[in-house]
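# Structural characterization, general
One-letter residues, chain by chain:
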Amino acid sequence: MVNKDFFQALDELETEKKINKEQLIETLEAALTSAYKKEYKEARSAQVKLNPEKCTIKIYSYKTVVETVEDSDKEISLEDAKKIKASYKVGDIVSQEENTKDIGRIAAQTAKQVVVQKLKEMERQVALDELSEKEDELLTTVVKRIEQNVVYVQIAGSHTEGVMLESDQIPGEKFHVNDRVKVYV
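The text that follows walks through the structure, step by step, so that each part is easy to find. (Residues numbered from 1 in each chain as written. Predicted model: local features only at pLDDT ≥ 70, side-chain atom pairs only at ≥ 80, totals over all residues. Heavy atoms only, no water.)

### Here's the deal with the pattern of salt bridges
Evaluated as defined, the whole model comprises six salt bridges. Residue Lys 58 pairs with Glu 97 through a salt bridge whose shortest N-O separation is 3.8 Å. A residue pair is termed long-range when its members are at least 10 positions apart, and Lys 58 in strand β2 (residues 56-66) and Glu 97 in strand β4 (residues 93-98) qualify at 39 residues. For Lys 58, a relative accessible area of 27% translates into the label partly exposed. (Salt bridge = Lys/Arg side-chain N within 4 Å of Asp/Glu carboxyl O. Helix = DSSP H or I, 4+ residues; strand = E, 2+ residues; numbered from the N terminus. Buried < 20%, exposed > 50% of the residue type's maximum accessible area, 1.4 Å probe, protein only.)

Okay, structure coming up:
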């Protein structure tokens, strides 16, 4: 997927599902960082940065400048650091951009699962916020489906679906798909 398409999809999620784009970007950065670290067995210090303005996704790994390298995944020698930038000294942190194609299939799948879970949580929160604003109101809904005497309704003007259990219905009342029904929230 081209990065521009990726960020366009984030914009669409924000408008269609009313999900905060900044929160979603933070979640994606954490999930992709986790995926990258999983690929390298937590050995490297890394961070993923998403820049929606420039439509870029970059991975940076970090190493500490030391005299003698004991862990090559977390440390870099002063000599090698000076080849990158002459002003580095012992104790500095060297940041290097990594190749995004280095993330393996399993690590990417893990990132996807984290993102999907967070999306569901965000959608639930948006729905809860929407309904809490409409508490103690009479709303018009449309019956979307009926399953074993449980009626699922779409709340007008929102993406939220409501559930009318059998105990919430008037005995003997029959509903059909696309019926308009007034409900009390």
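### Some remarks on the packing of aromatic side chains
What the rule picks out here adds up to zero aromatic pairs. The ring of Tyr 88 is capped by Lys 85, whose NZ or CZ atom sits 5.8 Å from the centre of that ring. (Phe/Tyr/Trp six-rings, centres within 6.5 Å; stacked < 30°, edge-to-face > 60°. Lys NZ or Arg CZ within 6 Å of the ring centre and 35° of its normal.)

### So, the side chain of Ser 61
Here Ser 61 is to be found in strand β2. Apart from the residues within four sequence positions on either side, Ser 61 is in contact with Ser 45, Ala 46, Val 94, Ser 95, Gln 96 and Glu 98. (Contact = heavy atoms within 4.5 Å.)

### With respect to the sheet that holds strand β7 (residues 161-164)
If you walk across this open sheet you meet the four strands as β7-β6-β5-β8, and the pairing is antiparallel. Single-partner strands in this sheet number two, and they are β7 and β8 (180-184). Averaged over all neighbouring strand pairs, the angle between strand axes comes to 45°, with direction disregarded. In this structure, strand β5 (residues 138-147) lies alongside strand β6 (residues 150-155), joined through six bridges in antiparallel fashion. Across the sheet, the residue bridging to Val 142 is Gln 154, located in β6. (Pairing = 2+ DSSP bridges. Axes fitted to C-alpha atoms, helices over the stretch in contact; angles between N-to-C directions.)

### Examining the nonpolar core
Looking at soluble globular proteins, one finds that nonpolar side chains tend to be buried together. Phe 6, Leu 10, Leu 24, Leu 28 and Leu 50 are the most contacted members of the largest nonpolar core, which totals 18 residues. Looking at this core, the elements that each hand over two or more residues are α1 (3-17), α2 (21-39), β1 (45-51) and α4 (105-133). The element contributing the most residues to this core is α2, with six residues. Beyond its immediate sequence surroundings of up to four residues, Leu 28 is in contact with Phe 6, Leu 10, Leu 50 and Val 115. Among the nonpolar cores identified, the runner-up in size contains nine residues, and Val 151, Met 164, Val 181 and Val 183 belong to it. (Core = buried A, V, L, I, M, F, W, Y, C linked by side-chain atoms within 4.5 Å.)

### Let's talk about the layout of surface pockets
Of the pockets and cavities examined, the second largest pocket occupies roughly 350 Å³. Elements that contribute at least two residues to the lining of the second largest pocket include exactly β6, β7 and β8. Considering only residue class, the lining of the second largest pocket consists of 11 nonpolar, two polar and four charged. (1 Å grid on protein atoms, 1.4 Å probe; cavity = no way out; pocket = protein on both sides within 12 Å on 5 of 7 lines; lining within 4 Å. Points joined across faces, edges and corners; volume = space filled by probe spheres on them. Nonpolar A, V, L, I, M, F, W, Y, C, P; charged D, E, K, R; others polar.)

### Describing the pairing of β1
The alternating pattern of β1 places Ala 46, Val 48 and Leu 50 on a buried face and Ser 45, Gln 47, Lys 49 and Asn 51 on a face that is not buried. Taken together, the seven bridges between β1 and β2 define a ladder with antiparallel strand orientation. Bridge pairing links Leu 50 to Ile 57 in β2. Count of turn residues in the β1/β2 antiparallel hairpin: four residues, of which Cys 55 carries a positive phi of about 55°.

### A closer look at the environment of Tyr 62
Relative to the helices and strands, Tyr 62 resides in strand β2. Look at Tyr 62 and you get partly exposed, because its relative accessible area is 25%. For the pair formed by Tyr 62 and Ser 45, sequence separation is 17 residues and the distance between their alpha carbons is 5.3 Å. Among residues more than four places away in sequence, those in contact with Tyr 62 are Ser 45, Ala 46, Gln 47, Asp 73, Lys 74, Ile 93, Val 94 and Ser 95.

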